Amino acid sequence: ALSSLYHSVESVLVDQDQVVVRVVYNGKHTGKLLHYEPTNKRIQYYGASFFTIENGKITQVWVLGDLVTLYKQLEN
């Protein structure tokens, strides 16, 4: 749905076994995304990922994205 999707890392925070990464997503809306037909618009929205590390391996991931901003770009 989002071709050329690029995740740009803005910052990384580490606290013991927790890692937080703040990102900016950039891409082009070229396929159906949920109920939105392709618009061919360039989009940009922000997000964050939260990782739990145990014994040097990622054991949990929780991802947030600013979908309100994404939807507004697809609707206009």
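Everything that follows concerns the structure shown earlier in this document.
Residues numbered from 1 in each chain as written. Predicted model: local features only at pLDDT ≥ 70, side-chain atom pairs only at ≥ 80, totals over all residues. Heavy atoms only, no water.

Visitor: Could you give me a rundown of the overall build of the protein chain, with the residues and numbers involved?
Guide: Tallying secondary structure elements over the protein chain gives one helix and four strands in all. Traced from its N-terminal end to its C-terminal end, the protein chain shows the element sequence β-β-β-β-α. Whereas a compact globule of 76 residues would reach a radius of gyration of roughly 11 Å, the protein chain reaches 15 Å, over 25% beyond that. Principal-axis analysis of the C-alpha atoms places the extent of the protein chain at approximately 45 × 20 × 20 Å. Per-residue burial for the protein chain yields a buried fraction of 26% across its 76 residues. In the protein chain, the share of contacts with a sequence separation of at least 24, taken over all contacts with a separation of at least 6, comes to 42%. (Helix = DSSP H or I, 4+ residues; strand = E, 2+ residues; numbered from the N terminus. Rg over C-alpha atoms; globule rule 2.2 N^0.38 Å. Buried < 20%, exposed > 50% of the residue type's maximum accessible area, 1.4 Å probe, protein only. Contact = heavy atoms within 4.5 Å.)

Visitor: Residues and numbers for the nonpolar core, please.
Guide: Burial of nonpolar side chains together is a common tendency in soluble globular proteins. L2, V19, V21, V23, Y25, L33, Y36, I43, Y45, F51, L70 and L74 form the largest nonpolar core, which has twelve residues in total. Top element by residues in this core is strand 2 (residues 18-29). It accounts for four residues. For L70, the contacting residues outside a window of four places in its chain are L33, I43 and Y45. (Core = buried A, V, L, I, M, F, W, Y, C linked by side-chain atoms within 4.5 Å.)

Visitor: Before we move on, could you go through the pattern of salt bridges and cite the residues and values that matter?
Guide: Applying the stated criterion to the full structure yields one salt bridge. Of the charged contacts, one joins K32 and E37 as a salt bridge, the two residues approaching to 3.5 Å between their closest N and O atoms. (Salt bridge = Lys/Arg side-chain N within 4 Å of Asp/Glu carboxyl O.)

Visitor: How would you summarise the sheet that holds strand 3 (residues 42-54) if you had to cite specific residues and measurements?
Guide: A sheet is described by the order of its strands in space; here four strands give the open sequence 1-2-3-4, paired in antiparallel fashion. Every other strand in the sheet has two partners, leaving strand 1 (2-15) and strand 4 (57-65) as the edge strands with one partner each. Averaged over neighbouring strand pairs, the angle between their axes works out to 25° when direction is ignored. Bridge analysis of strand 3 against strand 4 gives eight bridges, and the strand direction is antiparallel. From the neighbouring strand, I53 faces strand 4, where its bridge partner is I58. Lying on the sheet, helix 1 (residues 67-75) is in contact with strand 2, strand 3 and strand 4; it crosses strand 3 at an angle near 155°. (Pairing = 2+ DSSP bridges. Axes fitted to C-alpha atoms, helices over the stretch in contact; angles between N-to-C directions.)

Visitor: Can you break down the environment of Y45 residue by residue, with the values?
Guide: Counting through the fold element by element, Y45 comes out in strand 3. Under the relative-accessibility criterion, Y45 is labelled buried at 9%. Put simply, Y45 and L74 are 29 residues apart on the chain and 11 Å apart in space, counted from C-alpha to C-alpha. Not counting residues within four places of it along the chain, the set of residues in contact with Y45 comprises L2, V23, V24, Y25, G65, D66, T69, L70 and Q73.

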